[in-house]
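# Close look at the chain arrangement
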Amino acid sequence: MERVSAFDEPLKKLLGGATAKVMAEHLDLHTVGDLLHHYPRRYEERGRLTALADLPLDEHVTVVAQVADARILMFNNGRGKRLEVTLTDGNGRLQLVFFGHGVHKPHKELLPGRRAMFAGKVSVFNRKMQLAHPTYQLLDAESIDGAEAAEAVDAFAGRLLPIYPACKQLDSWRIAKAVDTVLPSAAEAVDPLPPGLREGRGFTPLPEALLKVHRPQTKADIAQARDRLKWDEAFVLQVALARRRYADAQLPAVARRPRPDGLLDAFDAKLPFTLTEGQRKVSGEIFDDLATEHPMHRLLQGEVGSGKTMVALRAMLGVVDAGGQAAMLAPTEVLAQQHHRSITEMMGELAEGGMLGGSEQGTKVVLLTGSMGVAARRQALLDLVTGEAGIVIGTHALIEDKVQFHDLGLVVVDEQHRFGVEQRDALRSKENSQGERRPPHLLVMTATPIPRTVAMTVFGDLETSVLDQLPAGRSPIASHVVPAKDKPHFLSRAWERVREEVENGHQAYVVCPRIGDDAEDEAAGGKGRKKALEDDGEKRPPLAVLEIAEQLAKGPLAGLRIEVLHGRMNPDDKDDVMRRFAAGQVDVLVATTVIEVGVNVPNATAMVIMDADRFGVSQLHQLRGRVGRGSAPGLCLLVSEAHEAGPARARLSAVAATLDGFELSRIDLEQRREGDVLGQAQSGVRSSLRMLTVIDDEEVIAAAREEAVAIVAADPELERLPELRIALDALLDKEREQYLDKG
């Protein structure tokens with residue numbers, strides 16, 4: 001075990017406290033191993049300048065450029081000084097600005113013709129791209145004095161300059177210096193790839209790959225190192241997933257085969273439409289899984305409105321036919337109530353088992369949420385433990401210890417990214433009323449389309465089914481970006497369009513990023529929030545439901561029936577608003593993203609999303625899916641004050657340009673590629689993917705998955721591969737391996 005120790009060495013031992021503190025706080029790097037796995041984002045050639053025209057706005061960049069000219073300007077009647085330096089790459093130009101006492105050193109050093117590396121955040125001032133107060137490092141030998149000159153010239157002469165993912169507090173070249181300090185430890189890297197696999201695929205040894213990725217002599221070095229490091233990431237991750245699948249496959253489960261002429265057949269017979277081919281195919285996959293004696297673990301992904309609920313309901317009815325019970329978990333009470341309503345409507349008298357007028361074959365469908373009254377809750381719990389209720393729908397209140405099932409056979413989780421692994425495991429380990437513990441089958445549904453490679457990495461422990469056909473009768477949705485700042489009359493026209501839809505007998509949603517009540521502002525720390533916004537360069541807090549609803553009622557939508565809906569309302573009030581909106585008694589619903597998932601009002605045809613640039617691509621796609629659910633065409637207006645040339649506007653234009661969720665999820669991934677595909681927000685654990693980009697590396701991931709499955713099948717405990725076990729422990733501490741299960 002001694003061999004791993006160099007990688008576990010804390011950075012503060014080698015780099016000094018101040019640098020180590022910045023690395024820990026801003027880059028999440030704590031050990032030598034962390035820093036050695038902090039790979040360069042790209043490489044610059046010493047003689048080559050960065051293309052300045054393509055720099056992204058609002059991002060921290062590092063560029064190599066040449067000084068074209070520099071001049072000092074006075075302002076404030078000569079009391080203030082400003083140094084403006086113009087950089088060139090031979091085509092584009094970029095302005096640097098230094099103020100006050102910070103002008104003297106750069107004025108002496110940044111002379112026309114000099115080359116340097118510059119780092120800072122790109123902004124726009126007077127329609128020109130600029131970096132304010134950038135840090136820089138000169139690259140010409142004559143511009144550096146004494147002992148430093150030889151070192152700098154050696155570091156930069158004719159070599160590829162690594163550009164590291166950096167932050168405001170630590171430039172790329174300072175990170176490069178820190179890497180030089182820890183690079184000797186690369187020799188002690190423990191190689192996770194089994195020797196046969198490494199030699200068979202002709203990979204560079206790991207210590208050599210780490211040296212080549214950080215200090216390449218040639219472009220071929222970079223390619224070799226990347227190929228090797230990508231494989232490590234894909235392979236170790238796939239081994240972890242293969243081990244989970246293997247362990248799950250060893251668990252016993254009760255096979256659930258629907259009996260002929262039972263509840264499922266009765267339900268199918270009364271359906272007023274035929275299932276799409278996709279629904280039939282996916283149902284077949286699910287029923288095959290349910291018929292085996294190991295728990296099903298299946299991810300059902302389908303576009304908004306592709307009929308996932310119908311597929312899930314048929315699976316639940318099949319399990320009830322087989323003598324078991326089915327539970328559906330929804331992320332919010334509003335959704336649980338809505339699923340309960342739509343499922344009981346779809347089933348009709350079949351949902352009234354044991355009641356007067358109910359069907360012979362029927363069962364009881366109960367709702368269980370945290371805010372139910374005591375009597376209703378007691379009755380629901382009783383129906384579950386006796387088996388009277390075949391189907392239960394609820395929030396994670398279903399997982400509480402008090403909730404006991406007669407014989408839970410299937411769990412359907414709606415929108416998995418809201419559900420943690422602990423909750424899933426709690427349901428799986430529940431005992432039935434006979435005190436036996438038999439894991440139920442599991443079906444996870446998501447309306448966020450996930451490219452195949454991401455499904456293989458993020459949901460690698462689940463088999464995947466895809467519903468990509470929309471049921472007949474769905475209407476197209478037109479989407480447009482409304483640039484509220486540049487063209488205020490476009491926003492006025494947006495409200496006119498909402499009025500027109502209402503006058504034609506339809507309804508509309510207006511979505512805002514925040515609620516705007518006192519509780520929210522207090523939670524955000526009042527003054528602290530304002531300060532944070534100013535630091536962030538944001539001119540104002542995001543638009544709020546309560547304020548916008550009031551403005552609309554007094555202004556452009558005066559006279560219409562406007563209601564608000566947000567997550568902090570009392571559950572009964574929420575349900576009341578949703579019911580009245582569904583019944584057509586409300587014209588315009590001003591809401592937060594509580595309406596994002598599953599809300600189904602076919603008469604709602606228009607949606608205006610305020611501050612649309614503050615939502616992610618998949619969230620905008622989800623929200624938009626709430627309109628156009630009936631026979632009338634839908635309209636989605638994305639209102640934004642974002643700068644026309646910035647990344648936020650590009651994202652909105654992409655959403656407006658296509659309704660294909662898979663295409664959008666690709667765009668989303670490409671835009672977040674510097675971030676973490678395994679979703680830092682979801683896991684709270686740092687990403688293990690630093691080199692692999694799940695979008696481009698489909699073949700690597702697929703090949704690694706095959707190798708991993710074979711290795712785990714032959715040696716599930718990896719007893720013959722101690723190095724791989726060490727890598728697994730390092731990459732997937734217990735928290736992370738658990739996290740892989742929740743997706």
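Computed from a prediction, not measured in an experiment: that's the story for all the values here. Sequence order sets the numbering: in each chain, residues are counted from 1 along the sequence as written. Predicted model: local features are reported for residues with pLDDT of at least 70 only, side-chain atom pairs are reported and counted for 80 or more only, and whole-chain, interface and lining totals are derived from all residues. Computation of side-chain values covers all heavy atoms of the structure but excludes hydrogens and water.

### Regarding the overall build of the protein chain
A run of H or I in DSSP becomes a helix once it reaches four residues, and a run of E becomes a strand once it reaches two; helices and strands are each numbered from the N terminus. On a plain count of helices and strands, the protein chain comes out with 29 helices and 21 strands. By residue count, 53% of the 743 residues in the protein chain fall in the buried class. Of all intrachain contacts in the protein chain linking residues separated by at least 6 positions in sequence, the fraction that spans at least 24 positions is 74%. Per-residue and other accessible areas follow the Shrake-Rupley method at a 1.4 Å probe size, with only the shown protein chains counted as cover for residues. Total accessible area on the protein chain is roughly 33,100 Å²; 50% of this is exposed by carbon and sulfur atoms. Relative accessibility decides the category of a residue: with a 1.4 Å probe and only protein chains considered, values under 20% of the type maximum give buried, values over 50% give exposed, and everything between is partly exposed. The contact criterion used is simple: two residues touch if any of their non-hydrogen atoms lie within 4.5 Å.

### What to know about the pattern of salt bridges
Two side chains carrying opposite charge are able to pair once their charged atoms lie near each other. The working definition used for a salt bridge is a side-chain nitrogen of Lys or Arg within 4 Å of a carboxyl oxygen of Asp or Glu. Considering all chains together, one arrives at 33 salt bridges under this definition. In this structure, Arg298 and Glu285 form a salt bridge, with 3.6 Å as the shortest nitrogen-oxygen distance. One end of the pair, Arg298, is in strand β9 (residues 297–302); the other, Glu285, is in helix α12 (residues 277–290), and 13 residues separate them in sequence. By relative accessible area, which is 8% here, Arg298 ends up buried. For Arg497, the salt bridge identified is with Glu501, shortest N-O distance 3.2 Å. Remark: Glu501 and Arg497 occur in helix α18 (residues 488–503); sequence separation between them is four residues, near one turn of the helix. Residues joined in a network through salt bridges with shared partners are Arg493, Glu496, Arg497, Glu500 and Glu501.

### Let's talk about helix α27 (residues 698–714)
Given the number of residues in a helix, its expected span is that number minus one, multiplied by 1.5 Å. Across its 17 residues, α27 extends 25 Å between first and last C-alpha, which sits within 8% of the 24 Å expected from 1.5 Å per residue. Three or more residues of α27 are buried, namely Val700, Ile701, Ala703, Ala704, Arg705, Ala708, Ile711 and Val712.

### Quick word on the side chain of Asp613
Within the secondary structure, Asp613 sits in the loop between β20 (604–609) and α23 (617–624). N or O atoms within 3.5 Å of each other form a polar contact, as long as, within protein, one can give a hydrogen and the other can take it, and as long as residues adjacent in sequence are counted only when both atoms are side-chain atoms. In this structure the side chain of Asp613 is engaged in a polar contact, spanning 2.8 Å, whose partner is the side chain of Ser640. Non-local contacts of Asp613, meaning those with residues more than four positions away in its chain, are made with Val639, Ser640, Glu641, Ala642, Ala648, Arg651 and Leu652.

### Things to note about the nonpolar core
Side-chain atoms within 4.5 Å link the members of a nonpolar core, which is a set of buried Ala, Val, Leu, Ile, Met, Phe, Trp, Tyr and Cys residues. Met316, Met347, Ile391 and Leu410 are the most contacted members of the largest nonpolar core, which has 39 residues in total. Top contributing element to this core by residue count: helix α13 (residues 308–321), with nine residues. Ignoring sequence-local partners within four residues, the contact set of Leu410 consists of Leu290, Met296, Ala315, Met316, Val319, Gln325, Ala326, Ala327, Pro440, His441, Leu442 and Leu443. Among the nonpolar cores identified, the runner-up in size contains 32 residues, and Phe7, Met23, Leu27 and Leu183 belong to it.

### A look at the confidence of the model for the protein chain
The pLDDT averaged across the protein chain works out to 80; a share of 80% of its residues lies at or above 70. For every residue, the pLDDT score states the predictor's confidence, bounded by 0 at the bottom and 100 at the top. Contacts from residues 523–538, a stretch scored under 50 in pLDDT, to residues over four places away or in other chains number 10 contacts. A low-confidence stretch, residues 734–743 stays under pLDDT 50, and its non-local contacts, those more than four residues away or across chains, total 40 contacts.

### Quick word on the sheet that holds strand β19 (residues 588–591)
Only when DSSP finds a minimum of two bridges between them are two strands counted as paired. In space, the six strands of this open sheet follow the order β16-β21-β20-β17-β19-β18, with parallel pairing throughout. Whereas interior strands pair on both sides, the edge strands pair on one side only; in this sheet they are β16 (477–483) and β18 (562–565). Between one strand and the next, the sheet's axes are offset by a mean angle of 20°, whatever the strand orientation. Bridging between β18 and β19 involves four bridges; their strand directions are parallel. From the neighbouring strand, Leu565 faces β19, where its bridge partner is Ala591. Axis definition: a line fitted to C-alpha atoms, limited for helices to the stretch in contact. Angles are taken between N-to-C directions and run from 0 to 180 degrees.

### A word on helix α3 (residues 17–27)
Among all positions in α3, only Ala20, Val22, Met23 and Leu27 are buried. Buried positions in α3, seen along its axis, are confined to an arc of 160° and lie on one side of it. Within α3, the exposed residues directed more than 90 degrees away from the buried face are Ala18, Lys21 and Glu25. Those residues of α3 that are buried are in contact with α2 (11–15), α4 (32–36) and α7 (172–182). Backbone geometry just after α3 places Asp28 at a positive phi near 60°. Along the arc lie the directions from the helix axis toward the C-beta atoms.

### Some remarks on the pairing of strand β10 (residues 325–329)
Within β10, five of the five residues are buried, which leaves it mostly tucked inside the rest of the structure. Residues of β10 alternate between two faces, with Gln325, Ala327 and Leu329 on one and Ala326 and Met328 on the opposite face, all of them buried. Where β10 lies against strand β13 (residues 408–414), five bridges are found, and the strand directions are parallel. Residue pairing across strands places Ala327 opposite Val411, the latter belonging to β13. Relative to strand β12 (residues 389–394), β10 is paired through four bridges, and the arrangement is parallel.

### Here's the deal with the packing of aromatic side chains
Planes of paired rings set the category: under 30 degrees apart is stacked, over 60 is edge-to-face and the rest tilted, where pairs are Phe, Tyr or Trp rings (Trp by its six-membered ring) whose centres lie within 6.5 Å. Counted under the stated rule, the structure contains five aromatic pairs. Aromatic pair Trp231 and Phe235: ring centres 6.2 Å apart, planes at 35°, arrangement tilted. Placement of both Trp231 and Phe235 in helix α10 (residues 219–250) is noted, with a separation of four residues, approximately one turn of the helix. Assessed through its relative accessible area of 5%, Trp231 is described here as buried. Judged by relative accessible area, Phe235 falls into the buried class, the value being 0%. For the ring pair Tyr509 and Phe581, a centre distance of 5.1 Å and an interplane angle of 55° mean the geometry is tilted. Residue Tyr509 is located in strand β17 (residues 507–511), and its partner Phe581 is located in helix α22 (residues 571–582); the two are separated by 72 residues in the primary sequence. Members of the aromatic cluster, each reached through a chain of ring pairs, are Phe98, Phe118 and Tyr136.

### A word on the packing of helix α9 (residues 206–214) against α10
Closest axis-to-axis distance for the α9/α10 pair is 8 Å, and the angle between their directions is 125°. Relative to α10, the element α9 is oriented oblique. The element α9 and its partner α10 pack so that their crossing is left-handed. Across the interface between the two elements, Leu206, Glu208, Ala209, Leu210, Lys212 and Val213 of α9 pack against Asp221, Gln224, Ala225, Arg228, Leu229 and Asp232 of α10. Gly falls in the polar group here, along with every residue not listed as nonpolar (Ala, Val, Leu, Ile, Met, Phe, Trp, Tyr, Cys, Pro) or charged (Asp, Glu, Lys, Arg). Of the residues in the contact of α9 with α10, the class split is six nonpolar, one polar and five charged. Any angle from 65 to 115 degrees is called roughly perpendicular, while one under 35 is roughly parallel, one over 145 is roughly antiparallel, and all others are oblique. Two helices crossing with the near one rotated counterclockwise from the far one by less than a right angle form a left-handed crossing, whereas a clockwise rotation gives a right-handed crossing.

### Some details on the sheet that holds β9
Ordered by their spatial adjacency, seven strands build an open sheet running β11-β12-β10-β13-β14-β9-β15, and the pairing between neighbours is parallel. Looking along the sheet, the strands with just one partner apiece sit at the ends: β11 (364–368) and β15 (463–467). For this sheet, the mean inter-axis angle between neighbouring strands, taken without regard to orientation, is 20°. As paired elements, β9 and β15 share five bridges and run parallel to each other. Bridge pairing in β15 places Arg298 opposite Glu463. Lying on the sheet, α13 is in contact with β9, β10, β12, β13, β14 (441–446) and β15; it crosses β13 at an angle near 170°. Packed on one face of the sheet, helix α15 (residues 374–386) meets β10, β11 and β12 and runs near 130° to β11.

### Section: the side chain of Glu333
Checked against the element boundaries, Glu333 lands in helix α14 (residues 333–347). Think of it this way: Lys and Arg go in the positive column, Asp and Glu in the negative one, and His and the chain ends go nowhere. Of the side chains with opposite charge, Lys574 lies nearest to the buried Glu333, which makes no salt bridge, at 6.2 Å.

### A look at the packing of α13 against α14
Contact geometry of α13 with α14 gives a least axis separation of 12 Å together with a crossing angle of 70°. Classed by the angle they form, the pair α13 and α14 counts as roughly perpendicular. Crossing angle aside, the handedness with which α13 passes α14 is right-handed. Mapping the contact onto sequence places Thr309, Met310, Leu313, Met316 and Leu317 in α13 and His339, Ile343, Met346 and Met347 in α14.

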